[in-house]
Amino acid sequence: MKMTEHQNKPMELITLQHVCKYYTMGDQTVKALDHIDLSISANEYIAFIGTSGSGKSTMMNILGCLDKPSDGTYLLNGTDVSSLTANELARIRNREIGFIFQSFNLLPRATALHNVMLPLVYKGIKFSERKRLAIKVMEKVNLSDRMDHIPSQLSGGQRQRVAIARALITNPSILLADEPTGNLDTQTTKDIMALFDQLHNEGQTIIVVTHEKDIANHCQRVVTLSDGKVVKDIMNKRETSSV
Ligand SMILES: Nc1ncnc2c1ncn2[C@@H]1O[C@H](COP(=O)(O)OP(=O)(O)OP(=O)(O)O)[C@@H](O)[C@H]1O
Ligand SMILES: [Mg+2]
């Protein structure tokens, strides 16, 4: 586990203090997140689980700086995200966060390589350097032989690996994945989880939302949400005992 330079305790990457997200619909208020207190350290591998509507995607949107809490404080790498403007939020998102979605969200007419290069356009990095970095990250996800294929010419697992490469190319502090294997078969799910394990071993912080027990069991820590609250927060023994 990574340490801060001057302290001897694990570095806290994420701290949520009394975080709430409320949606008002007519005269009804939905408490999608209801006073969440939670810390996540660098290089944790954590799953959020819970029934439909329990607040998992809302949590990911907040953690990923796509949305701001209605109340409470979110510290990301020491920055109080709750107080940032939309532009500042977008900047911190580009720098710190890599997103992976259930539906991959790739550009259908762009090659795998161009899909992976895309996030660097917004950083103003020149073409040759974007290409060099994309080739490197495609190697990491084991897709060097499919760089010129467009998404419809790739399998589901390969598409998800393109999406993972695209999330990794900016070298984010956090990889956020909302149901990343929801559209994949069992074997492909295993391959993607093996890739996540590899990234975690290399130091990546990974936060996954899942319905699937097998995937949650794979993670170091499992947090259960119910009605916008944390009702369970456990450490899995598996990693230390059997790997
Ligand atoms: N934009 C919105 N406006 C109003 N209510 C919302 C909005 N987004 C989410 N909600 C409500 O907030 C609650 C939490 O939603 P969320 O999408 O976080 O659930 P989830 O745990 O991701 O569910 P699922 O497993 O079905 O994806 C739900 O009751 C939902 O109806
Ligand atoms: Mg959801």
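The structure contained in this document is the topic of the report that follows. The structure displayed is predicted, hence computed values, not measured ones. (Residues numbered from 1 in each chain as written. Chains lettered and ligands numbered in written order. Predicted model: local features only at pLDDT ≥ 70, side-chain atom pairs only at ≥ 80, totals over all residues. Heavy atoms only, no water.)

## Quick look at the overall build of the chain
Inclusion rule: Under the DSSP-based scheme used, a helix requires at least four consecutive residues in state H or I and a strand at least two consecutive residues in state E, with every element numbered from the N terminus. Our radius of gyration looks at C-alpha atoms and nothing else; its globule reference is 2.2 Å times the residue count to the power 0.38. Summary of the burial criterion: residues with accessible area below 20% of their type's maximum are buried, those above 50% are exposed, and those between are partly exposed, where the area comes from a 1.4 Å probe applied to protein chains only. Any two residues having at least one pair of non-hydrogen atoms within 4.5 Å are treated as being in contact. Accessibility throughout is a Shrake-Rupley quantity obtained with a 1.4 Å probe, and a residue counts as covered only by protein chains that appear here. Counted charges follow a simple rule, with Lys and Arg positive, Asp and Glu negative, and His plus the chain ends left uncounted. In this description, the location of a charge corresponds to atom NZ of lysine, CZ of arginine, CG of aspartate or CD of glutamate.
If you tally the helices and strands in the chain, you get 8 helices and 10 strands. Taking 243 residues into account, the globule formula puts the C-alpha radius of gyration at 18 Å, and the chain, at 18 Å, falls close to it. Each of the three principal axes of the chain carries a C-alpha extent, and together these read 50 × 50 × 45 Å. Taken over 243 residues, the chain has a buried fraction of 49%. At a minimum sequence separation of 6, the contacts of the chain that also span at least 24 residues come to 67%. On the chain, roughly 12,400 Å² of surface is accessible, and the fraction owed to carbon and sulfur atoms is 48%. Measuring between centres, the 28 positive side-chain charges of the chain sit 5 Å from its 26 negative side-chain charges.

## As for the pairing of strand β4 (residues 71–76)
Keep this limit in mind: At least two DSSP bridges between two strands are required for those strands to pair.
Direction of pairing for strand β1 (residues 12–25) relative to β4: antiparallel, over a ladder of 5 bridges. Across the sheet, the residue bridging to threonine 15 is leucine 75, located in β4. Sheet topology places β4 next to strand β5 (residues 79–80); 2 bridges connect them, and they run antiparallel. Along β5, the bridge assignment pairs leucine 76 with threonine 79.

## Description of the site of ligand 1
This is how the line gets drawn: A cutoff of 4 Å decides nearness: a residue is near a molecule or strand if any of its heavy atoms lies inside that distance of it. Whenever two N or O atoms come within 3.5 Å, that pair is a polar contact, provided that in protein one can donate a hydrogen and the other can accept it, and provided that, for residues adjacent in sequence, both atoms are side-chain atoms. All residues other than Ala, Val, Leu, Ile, Met, Phe, Trp, Tyr, Cys, Pro, Asp, Glu, Lys and Arg, Gly among them, are scored as polar; the first ten of these are nonpolar and the last four charged.
Not every one of the 13 residues close to ligand 1 is listed here, only the nearest: Ser52, Gly53, Lys56, Ser57 and Thr58. Within the contact set of ligand 1, an oxygen atom lies 2.8 Å away from a backbone nitrogen or oxygen of glycine 53. Threonine 58 has a polar side-chain atom sitting 2.5 Å from an oxygen atom of ligand 1. Coverage of ligand 1 by the protein chains reaches 61% of its 640 Å² of free accessible surface. In terms of residues, the shell around ligand 1 owes the most to one element, helix α1 (residues 56–63), which gives 3 residues. Class assignment for the residues of the shell around ligand 1 results in 4 nonpolar, 8 polar and 1 charged.

## Comments concerning the sheet that holds strand β2 (residues 28–41)
In spatial order, the strands read β2-β1-β4-β5; together these 4 strands make up an open sheet with antiparallel pairing. The strands lining the two open edges of the sheet, one partner per strand, are β2 and β5.

## As for the side chain of asparagine 236
As for its placement among the helices and strands, asparagine 236 is situated in the loop between β10 (229–235) and α8 (238–242). A polar contact of 3.1 Å, which involves the side chain of asparagine 236, links it to the backbone oxygen of alanine 216. Excluding anything up to four places from it in sequence, asparagine 236 contacts Ala216, Asn217, His218, Cys219, Gln220 and Val222.

## Some points on helix α3 (residues 112–121)
Of all 10 residues in α3, 7 are buried; the element is thus mostly enclosed. Restricting attention to buried positions, one finds in α3 the residues Ala112, Leu113, Asn115, Val116, Met117, Pro119 and Leu120. Turning to α3, the residues buried within the fold contact α4 (127–140) and α5 (156–168).

## Some remarks on the environment of phenylalanine 104
Here phenylalanine 104 lies in the loop between β6 (97–101) and α3. Taking relative accessible area as the criterion, phenylalanine 104 reaches 9% and is therefore assigned buried. As a C-alpha pair, phenylalanine 104 and asparagine 61 span 43 residues in sequence and 16 Å in three-dimensional space. Contact partners of phenylalanine 104, with chain neighbours within four places excluded, come to Gly156, Arg159, Gln160, Ala163, Arg166, Asn183 and Leu184.

## A word on a nonpolar patch on the surface
We apply this condition: By definition, no residue in a patch forms a salt bridge, and every one has over 30% relative accessible area; like charges are joined within 9 Å, nonpolar side chains (Val, Leu, Ile, Met, Phe, Trp, Tyr) within 5 Å. The salt bridge criterion pairs a side-chain nitrogen of Lys or Arg with a carboxyl oxygen of Asp or Glu, the two atoms within 4 Å.
A cluster of nonpolar side chains, Tyr23, Met25 and Val30, forms an exposed patch at the surface whose accessible area comes to about 280 Å². Within the secondary structure layout, tyrosine 23 lies in strand β1. Residue class for tyrosine 23 comes out partly exposed when judged on its relative accessible area of 34%.

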